[in-house]
Every structure is written in C-alpha cells, then in structure tokens.
Amino acid sequence: MIFVPPSRRSARPSAVGLALAAVLLLASCSSTSSSSGSATHAPEVVRPTPHVGFDYQIGGPYKPPSGVGAVSRDRGAKPAKGLYNVCYVNAFQAQPDALRRWERDDPDLLLRDDDDDVVIDKDWDEALFDISTAAKRTRLAKIVGNWVEGCGDDGFQAVELDNLDSYSRSDGLLDAADAVAFARLLADRAHAAGLAVGQKNTAELLPKRTAVGFDFAVSEECGSYDECGAYAKAYDDRVFAVEYRAADFDRACRTYGKRLSLVLRDVDVRPAGTKGYVRRTC
C-alpha cells in the first residue's frame, strides 16, 4: 500500500555485508526429521542483524542506496536482490481499494458498530478487521496468512504486520488481547514459512512480544515518542527505526545511531528520483 503518515502510522557494507551473506546462507540450510525417519526440510527463521543499513521503501521500490543491507517493501513489490527483505503487510485493516471485495465476500469479517456500520480508521480510510472472536480470527488468519506466506514465496526474509494497534481505533469494540491473539496466529504462519516477524509500532504491547513470537521491531517515530530505548532493550537492538522529522531523527541518532537501523524518510515514503524524496542516515 502507499504509506502516507501525517504524524504516525498507528504509529554498511563490508563487515555488515559479510554478516548478511552468512545470515542469508543459514536460511536455506535447516532440516528436521519426520516421525518416519525421513528428512524433511523446514526453512530457518533468520532475524535481522542489529544496526544494518536500512531503507524504508513501502511507498514504492527503487535501487537501494549504497550501504543498505536491509529494506522494507510492500508485499506487492519484489524483494531487493542480495539484501535482507522485510515484507509490509496491512494485517489488521482493509485497504481502501479492497473494501468492496470484503463487503461482497466476507462482510462479517469487517468490524461493525451497533448500527451495523463498518468501523473506519479515518486517518487512512481503512476498515478494521473484526478480530473479536476466535472463529473470526481463524478465518482472517487464513486470508492474511496466505499473504504472509506469499511474502516467503516471493523471496522475503521477514514480514512486518501493520496496524497492530487498530484496537485503539475500534471505539472499544476490540482490545489488546484480541490483537495479541490474532498476531500470534499470523506469527505462527510466518515462522512456518521461514519468515521472521516484526512488531510494527505499538510499544505498549512490548511485554507481549514473546507470547506473540515477534523477532524484531519496525518502529516509526520512536525518537519523537521517546520509545527507541524500549524497542532496543526488548529486541537486542534489532530495530528498524523510521523518523519523519529531522529534529526527531537527529535526536535519535545522537543516542541510538550506533545501535539501531535508523533512517529519515519523507512522510510519503516516495521512491528515489521523485519530487519530495528525503532519505538520511546517522
């Protein structure tokens, strides 16, 4: 999807390059034994390397700048060759251009208020998925889980599940426990496909990271909200941190520039070469 945050979404080569190459090699080299004694191959889940050079490209793919070892791209885009690729999935809300499909095929999987109106995240014009019951979470996990598995089929190494905090925009119809339960279903699908799972924003759910199975974090504006330290501690510096304001970026760089994968991007996350494109690293 095209990502246009008004303030918040919920919210190096050499040695690093060699480390990434070794990490990616490990991803294809894991096997287990079945009960019958024959060898079956399961993909290895590989977490990102701390402080790897990072670029946030969910607004459109382009050639990664020099020094970049990891990128995040929309699930509809191809992964960047030779890099650690994170697949962006809008997991908790429906894309505006897909709303008609949901209303036609699975209308009961859209969250509705007491008047039977679909609950909309007004900042993004996106309908919230109804994850309020185990049965609905299971059905949604089959659909969204197929998107997640598709990321693995396309060659991504990890997935970021956006709008984890949609419960906070549900008018009280959903809660954090619903989000944690649904995220766990998707994390299980991702891990089975050999994908690491990134917690997207929602610092208040950091204590639930182990219950869900998150492996790293993608944080927007942690410098602005003074959350970088919390993510860094929780994920041993395996944090892709994106800032949209130069002052916040500079402040985050002073404290965490040598620990986290920090990048300043324009709020529209435009591809390089287009008007308004901004990218800086610490």
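Residues numbered from 1 in each chain as written. Predicted model: local features only at pLDDT ≥ 70, side-chain atom pairs only at ≥ 80, totals over all residues. Heavy atoms only, no water.

Draft legend 1. Spatial organisation of the overall build of the protein chain. Across its full length, the protein chain carries 7 helices and 14 strands. The burial tally for the protein chain puts 51% of its 282 residues in the buried class. As presented, the protein chain carries roughly 12,500 Å² of accessible surface, and 51% of it is formed by carbon and sulfur atoms. (Helix = DSSP H or I, 4+ residues; strand = E, 2+ residues; numbered from the N terminus. Buried < 20%, exposed > 50% of the residue type's maximum accessible area, 1.4 Å probe, protein only. Areas by Shrake-Rupley, 256 points an atom, 1.4 Å probe, with all protein chains shown as cover.)

Draft legend 2. Molecular detail of the pattern of salt bridges. This model, assessed by the stated rule, comprises 22 salt bridges. Put simply, Asp 106 and Arg 101 hold a salt bridge, and the shortest N to O gap is 3.0 Å. Overall, the relative accessible area of 13% leaves Asp 106 in the buried class. Where Asp 105 meets Arg 104, a salt bridge forms, and the shortest distance between an N and an O atom there is 2.9 Å. When its relative accessible area of 40% is taken as the criterion, Asp 105 is described as partly exposed. Ionic contacts of the salt-bridge type, sharing partners, join the residues Arg 101, Asp 106, Asp 108 and Arg 139 into one network. (Salt bridge = Lys/Arg side-chain N within 4 Å of Asp/Glu carboxyl O.)

Draft legend 3. Just the pairing of strand E10 (residues 196–200), in detail. Most of E10 sits inside the fold, with 5 of its 5 residues counted as buried. Both strand E9 (residues 158–162) and E10 contribute to a ladder of 4 bridges, which runs parallel. When the sheet's bridge partners are listed, Leu 161 is paired in E10 with Gln 199. In terms of handedness, the path from E9 via helix H4 (residues 176–192) over to E10 forms a crossover that is right-handed. Bridge analysis of E10 against strand E11 (residues 216–220) gives 3 bridges, and the strand direction is parallel. The residue bridging Lys 200 from the neighbouring strand is Val 218, located in E11. (Pairing = 2+ DSSP bridges. Right-handed = clockwise from strand over helix to strand, strands pointing away.)

Draft legend 4. Quick peek at the state of the cysteines. Scanning the entire structure with this criterion turns up 3 disulfides. Between the sulfur atoms of Cys 87 and its disulfide mate Cys 151 the distance is 2.1 Å. The S-S bond linking Cys 87 to Cys 151 shows a torsion near -50°; that makes this disulfide left-handed. With Cys 87 in strand E5 (residues 84–90) and Cys 151 in helix H3 (residues 134–154), this residue pair connects regions lying 64 residues apart in the sequence. An identical accessibility class is assigned to Cys 87 and Cys 151; each is buried. A disulfide bridge connects Cys 222 with Cys 228, and the sulfur atoms are separated by 2.0 Å. Here Cys 222 and Cys 228 share a disulfide; its torsion about the S-S bond, 85°, makes the bridge right-handed. By the burial criterion, Cys 222 is buried, and Cys 228 matches it. (Disulfide = S-S within 2.5 Å.)

Draft legend 5. Local environment of the sheet that holds strand E14 (residues 279–281). The strand order E3-E4-E5-E9-E10-E11-E12-E13-E14 describes an open sheet built from 9 strands, whose pairing is mixed. Every other strand in the sheet has two partners, leaving strand E3 (54–56) and E14 as the edge strands with one partner each. Within the sheet, the average angular offset between the axes of one strand and its neighbour, ignoring direction, is 25°. For strand E12 (residues 239–243) and strand E13 (residues 261–265), the ladder comprises 4 bridges, and the chain directions are parallel. In the sheet register, Val 242 faces E13, and the bridge partner there is Val 263. Where H3 meets the sheet, its contacts fall on E5 and E9, and the angle it forms with E5 comes to roughly 160°. (Axes fitted to C-alpha atoms, helices over the stretch in contact; angles between N-to-C directions. Contact = heavy atoms within 4.5 Å.)

Draft legend 6. Inspection of H3 at higher detail. A rise of 1.5 Å per residue sets the reference length of H3, with its 21 residues, at 30 Å; its end C-alpha atoms lie 29 Å apart and thus fit the reference within 8%. The largest bend in H3 comes to about 30°, at Lys 142. Within the span of H3, buried status applies to Arg 137, Leu 140, Ala 141, Val 144, Gly 145, Val 148, Gly 150 and Cys 151. Looking at the buried residues of H3, the elements they touch are E5, helix H2 (99–105), E9 and H4. Just beyond H3, the residue with positive phi is Gly 155, at close to 110°. (Expected span 1.5 Å × (residues − 1). Bend = angle between axes of the 7 residues up to and from the residue.)

Draft legend 7. Representation of the sheet that holds strand E8 (residues 126–128) in the model. One open sheet holds the 3 strands; their spatial order is E6-E8-E7, and the pairing between them is antiparallel. At either margin of the open sheet sits one strand with a lone partner, and together these are strand E6 (93–94) and strand E7 (120–121). As defined by bridge partners, E6 adjoins E8 across 2 bridges and the pair is classed as antiparallel. By the bridge assignment, Gln 93 is partnered in E8 with Leu 128.

Draft legend 8. Examining the confidence of the model for the protein chain more closely. Model confidence for the protein chain is summarised by a mean pLDDT of 89, while 85% of its residues fall at 70 or above. Segment residues 1–39 is flagged for pLDDT under 50; beyond a separation of four residues in sequence, or across chains, it makes 82 contacts in the model. (pLDDT = per-residue confidence, 0-100.)

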